[in-house]
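Geometric and topological summary
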Amino acid sequence: MSRMKSGLILVLLAIPYALYIVWQVQSVTRVDLIVPDPPAEAGLPAPDQLAAVQTKADQWATDVRKTLAVSYQFRAPGPEDRATDPDCNAVAQATAA
């Protein structure tokens with residue numbers, strides 16, 4: 001009977017804890033907290049413009065990585081290190097000099 005009482009006490013203590021966990025999960029995953037995308041407003045860039053800007057930013061980041069690789073190694077830039085940005089090329093040439 002002693003084991004039965006201790007098991008019952010454990011279950012009685014676990015019920016409020018389980019209810020608290022369910023309450024916390026429910027408060028985080030409420031459906032009314034999911035907000036739809038805002039409507040398009042005048043003056044905001046179109047998705048294709050954002051994609052073009054993203055492409056330019058990615059290309060510039062690649063150029064900067066190439067320039068940093070040359071600068072950290074204190075070497076003259078080779079043909080594979082040529083960047084599309086003239087400023088990055090100037091920095092690489094100045095570092096080599």
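That block above? That's the structure.
So, here is what we can say about the structure in this document. Being a predicted model, the structure only gives us computed values, none of them experimental.

What counts and how
- Residues numbered from 1 in each chain as written.
- Predicted model: local features only at pLDDT ≥ 70, side-chain atom pairs only at ≥ 80, totals over all residues.
- Heavy atoms only, no water.
- Helix = DSSP H or I, 4+ residues; strand = E, 2+ residues; numbered from the N terminus.
- Buried < 20%, exposed > 50% of the residue type's maximum accessible area, 1.4 Å probe, protein only.
- Contact = heavy atoms within 4.5 Å.
- Areas by Shrake-Rupley, 256 points an atom, 1.4 Å probe, with all protein chains shown as cover.
- Expected span 1.5 Å × (residues − 1).

Another point: the overall build of the protein. What the protein contains, in helices and strands, is three helices and zero strands. In the protein, buried positions account for 11% of the 97 residues. Residue pairs in contact within the protein that sit at least 24 positions apart in sequence constitute 23% of those at least 6 positions apart. For the protein, the exposed surface amounts to about 8400 Å²; the carbon and sulfur share of it is 67%.

Look at helix H2 (residues 47–73): 39 Å from first C-alpha to last across 27 residues, which is about the 39 Å you get at 1.5 Å a residue. Of the residues making up H2, those classed as buried are Asp 63, Thr 67, Val 70 and Ser 71. Its buried side turned inward, H2 meets helix H3 (86–96). Positive phi appears at Phe 74, one or two residues downstream of H2, with a value of about 50°.

One non-glycine residue, Phe 74, lies in positive phi territory at about 50°. Turning to its location among the elements, Phe 74 is positioned in the loop between H2 and H3.

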